[in-house]
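A look at the structure
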Amino acid sequence: MPIPARLPPAAPAAYTTAVPPALSVQDLRTYFHTAAGVARSVDGVSFDVDAGETLGVVGESGCGKSVTALSILRLIRPPGRIEAGSQILFEGQDLLALPERELRRVRGNRVAMIFQEPMTALNPVFTVGDQIAEVPRVHERAGRRQAWDRAVAMLEAVGIPDPARRAREYPHQLSGGMRQRVMIAMALVMNPAVVIADEPTTALDVTIQAQVLELLADMQRRLGTALVLITHDLGVVAEVARRVVVMYAGEVVETATVAELFSTPQHPYTEGLLAAIPRLGERRETLATIPGSVPPATAWPAGCRFRDRCPYAWERCAEEHPPLYEIAPAGDGAGRRARCHLAAEPARRAGRHLPLAAAR
Amino acid sequence: MTDGTVDGMAAPLLRVRGLAKHYPVRRGLFGRAAGSVRAVHDVSFDLAAGETLGLVGESGCGKTTTGRAVLRLIEPTAGQVTFDGADVRALGARDLRKLRRHMQLVFQDPFSSLNPRMTVGATVREGLTIHRLAEGAAADRRVRELLDEVGLRPEYAARYPHEFSGGQRQRVGIARALAVEPKLIVCDEPVSALDVSVQAQVVNLLVDLQRRRGLSYLFIAHDLSVVEHMADRVAVMYLGKIVELATSRALYAEPLMPYTQALLSAIPVARPGARRQRIVLQGDVPSPANPPTGCVFHPRCFHPAKDAACARLDPPLEEKAPGHWAACLKQAPTAVDWAAQQAAGGTRPPERFLPVLGTAPVATGAAS
């Protein structure tokens, strides 16, 4: 069965100037209420994903990127809680306000998710064909035979050789790369409007990662899906995404197009991150580092959360939590923003100094 | 490389020849050996004092097994390991323990490689005690110096591993290795579990320590950009074998093995707009329990001159250019001459097959 081509949504004549985003995350706050205190893992995150675009969400461990992904589909369990005031707008409704029953119609159907570890995300006691077929059976009440055929067609579409035979196999019989292809098949079988991929290639070897990234890009082109790609790998983002959201300490600290982000990073954290990666073909004497480490989510510092590790920080950074400053007006929907007071006082860039955390 | 000199290295610190580790596969009620998994097969290399040799490859290629077999943490099936003139495989338990003082290991996972019930001070001190290098107040002082050397506050000696971040724990692991003043440290994916910003700190520390102490590193990693930064020479492994070995500069600028070319081209580069041709290898790595005949890479190979000989003849690791070794029948020059290749069904003579750039290899099947 061929993959149905998604037609671009016909824009109503009156609203042609502003196409609404496919998914809009607004002031998302996900807190974990633990005995050790309240961990504000995601603390006021907002971003939009346009139809058919790839948005990269990058950050290091503990920045809140995975919790953001799980929150979008309300997959947060206690002691985690999505706080009041958060909104996830999708196709005209707030996913966070929907009753569980209605949310289930969206989850895995209109908005799907690809997880990092396919071995734990797949059920070991069902064949991969059954697991993919279950999706149309649940969401479309498709017949057993028809659902199975779709599963086999999907396996073929994601490049699994001999799909009819592979569909009858169990996850442990497949290699890591193939399992991730199965995950992608499962996510795309309903032809969703938005796919959230949380570190989809992190567990894979580099040559297999190349295969999977190529597959994701190809499927996205064919289906017109909006893809939210969550990763710690700036290389992956540079190659796959069009726009990037950089997260640090539970917040968005910078948004930009990929080209802008890499050529002129605005936030000192982004700047430090880019300088710290060893790049192929650019051997340097010493790598730039960001001293210190991310503070715990139970105790975000007041003021700027990056302050102690920042080579530009001054008094204002300790006193005033920086807003997400607009750097350039939203042109083609790619508004450039950075959560750093340097946007208000650019002359401070000249005052580079040793960060507080470096003076251990 | 069997003649014993690589790069004119007269007496390397570590010399490995024909190293192998095979695991028997047992089947049936009585556990009869029904074959073997060739985790490492015929691996040879030298490591000079003060040098860093990178060992790269994808999961299951045998790089970790090689590192441990060298230290005899895994008993090799065959081969020779000479460390500082001593035949490591011939040593008894007592002498091996003495020798281990000079060869240390830094592990990948800083969360599981430190004893959670021991303070980091006790962890670092253990080596000093076992090898009778220092005791009492002298040992305490030494522990503080070591912590300071790896960039941790000396007073952290009283803390437990759970109080530290991943990067700090990795520093503790390095301090523990340094305590016994080794000559060689086998670093097994020492920065893979760390975030980029912390990874850079640990990489810089390792480079710095090497300069100060003249250490040799066998640096095992899957991240080729980190290896390029660290290593003087790099060995690429595939299915238990070294398929290419060259200086870091030559390997990244002019990889000769098609596998190395594919591996380099597959790395996502943090440089947007730098469009390059990517070789996307088809299929997965074959099982080491049932490796392909001939060249281990031939089922996925895209060399334009690949032919039936590649499936039959085992390509030796040979010097294709000064100091640049590769195992490829089709990469001239080769000792397996054209007549021998034809006898094995070869139809395409060896030819130079160079990528345009290390990171921009030529497209697959450009010539056929």
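Residues numbered from 1 in each chain as written. Chains lettered and ligands numbered in written order. Predicted model: local features only at pLDDT ≥ 70, side-chain atom pairs only at ≥ 80, totals over all residues.

Below, the discussion takes up the pairing of strand β1 (residues 23-34) of chain A. Residue and element names in this part refer to chain A. Bridge count between β1 and strand β5 (residues 87-90): four bridges; the pairing is antiparallel. Bridging across to β5, S24 finds its partner in L89. In the sheet, β1 pairs with strand β2 (residues 37-49) via nine bridges, with the strands oriented antiparallel. Of the residues in β2, the one forming a bridge with R29 is D43. Count of turn residues in the β1/β2 antiparallel hairpin: two residues. Summarising the sheet, β1 and strand β4 (residues 80-82) pair through three bridges and their orientation is antiparallel. In the sheet register, F32 faces β4, and the bridge partner there is G80. (Pairing = 2+ DSSP bridges. Helix = DSSP H or I, 4+ residues; strand = E, 2+ residues; numbered from the N terminus.)

The subject of this paragraph is the sheet that holds strand β3 (residues 54-58) of chain A. All names here are of chain A. Pairing in this open sheet of eight strands is mixed, and the strands run β7-β8-β9-β3-β10-β11-β13-β12 from one edge to the other. Looking at strand neighbours, the two that pair on one side only are β7 (111-114) and β12 (325-328), the edges of this open sheet. Across the sheet, the axes of successive neighbouring strands diverge by a mean angle of 25°, strand direction being ignored. With six bridges joining them, strand β10 (residues 243-248) and strand β11 (residues 251-257) adopt antiparallel strand pairing. Its bridge partner being in β11, V244 is matched across the sheet by A256. Most of the contacts of helix α1 (residues 65-72) go to strand β8 (residues 194-198), to which it runs at about 145°, and overall it touches β3, β8, β9 (226-231) and β10. Where helix α7 (residues 176-188) meets the sheet, it contacts β7 and β8, and its direction lies at approximately 175° from that of β7. (Axes fitted to C-alpha atoms, helices over the stretch in contact; angles between N-to-C directions. Contact = placed C-beta atoms within 7 Å.)

Residue and element names in this part refer to chain B. Of the residues in chain B, 92% reach a pLDDT of 70 or more, and the chain-wide mean stands at 87. Of the regions scoring below 50 in pLDDT, residues 1-8 engages in seven contacts with residues more than four places distant in sequence or in other chains. Confidence drops under pLDDT 50 across residues 356-368; counting only partners more than four residues distant or on other chains, this segment forms 31 contacts. Overall fold confidence for the complex sits at a pTM of 0.84, while the interface term, ipTM, reaches 0.79. (pLDDT = per-residue confidence, 0-100.)

A few words now on the environment of T127 of chain A. Residues and elements named next belong to chain A. Summarising the element assignment, T127 is placed in the loop between α3 (118-121) and α4 (128-140). The spacing of T127 and R179 is 52 residues in sequence and 12 Å in space, taken between C-alpha atoms. Discounting residues that sit within four places of it in the chain, T127 has contacts with A167, R168, E169 and Y170.

Attention shifts here to helix α1 (residues 63-70) of chain B. All names here are of chain B. Counting buried residues in α1 gives seven out of eight residues, a clear majority hidden from the surface. Taken together, the buried positions of α1 are K63, T64, T65, T66, G67, A69 and V70. Backbone geometry just after α1 places R72 at a positive phi near 60°. (Buried ≥ 20, exposed ≤ 12 C-beta atoms within 10 Å, placed from the backbone.)

Time to look at the interface of chain B and chain A. Opposite the 37 residues of chain B that make contact, chain A presents 38 residues. Contributions of two or more residues to the side of chain B that touches chain A are made by α6 (196-213), α7 (224-230) and α9 (258-266) of chain B. Per-element tally for the side of chain B that touches chain A: the top contributor is α6 of chain B, with eight residues. For the side of chain B that touches chain A, the per-class residue count stands at 18 nonpolar, twelve polar and seven charged. (Nonpolar A, V, L, I, M, F, W, Y, C, P; charged D, E, K, R; others polar.)

Residues and elements named next belong to chain A. With domains assigned, chain A is organised as domain 1 (21-241) and domain 2 (251-358). Across the contact, 19 residues belong to domain 1 and 13 residues belong to domain 2. When residues of the side of domain 1 that touches domain 2 are traced back to their parent elements, those giving at least two are β2 and α9 (234-240). With ten residues, β2 is the largest single contributor of residues to the side of domain 1 that touches domain 2. Along the lines of polarity and charge, the residues of the side of domain 1 that touches domain 2 split into ten nonpolar, five polar and four charged. (Domains from an automatic or database assignment.)

Across a sheet, strands are paired by hydrogen bonds formed along the backbone, either parallel or antiparallel in direction. Residue and element names in this part refer to chain B. Pairing is mixed across the open sheet formed by eight strands, whose spatial order is β6-β7-β8-β3-β9-β10-β12-β11. Edge positions in the sheet fall to β6 (103-106) and β11 (318-321), since each has one partner strand and no second. Ignoring strand direction, the axes of neighbouring strands in this sheet form an average angle of 25°. Bridging between strand β3 (residues 52-56) and strand β8 (residues 216-221) involves five bridges; their strand directions are parallel. For T52, the partnering residue across the bridge sits in β8 and is Y217.

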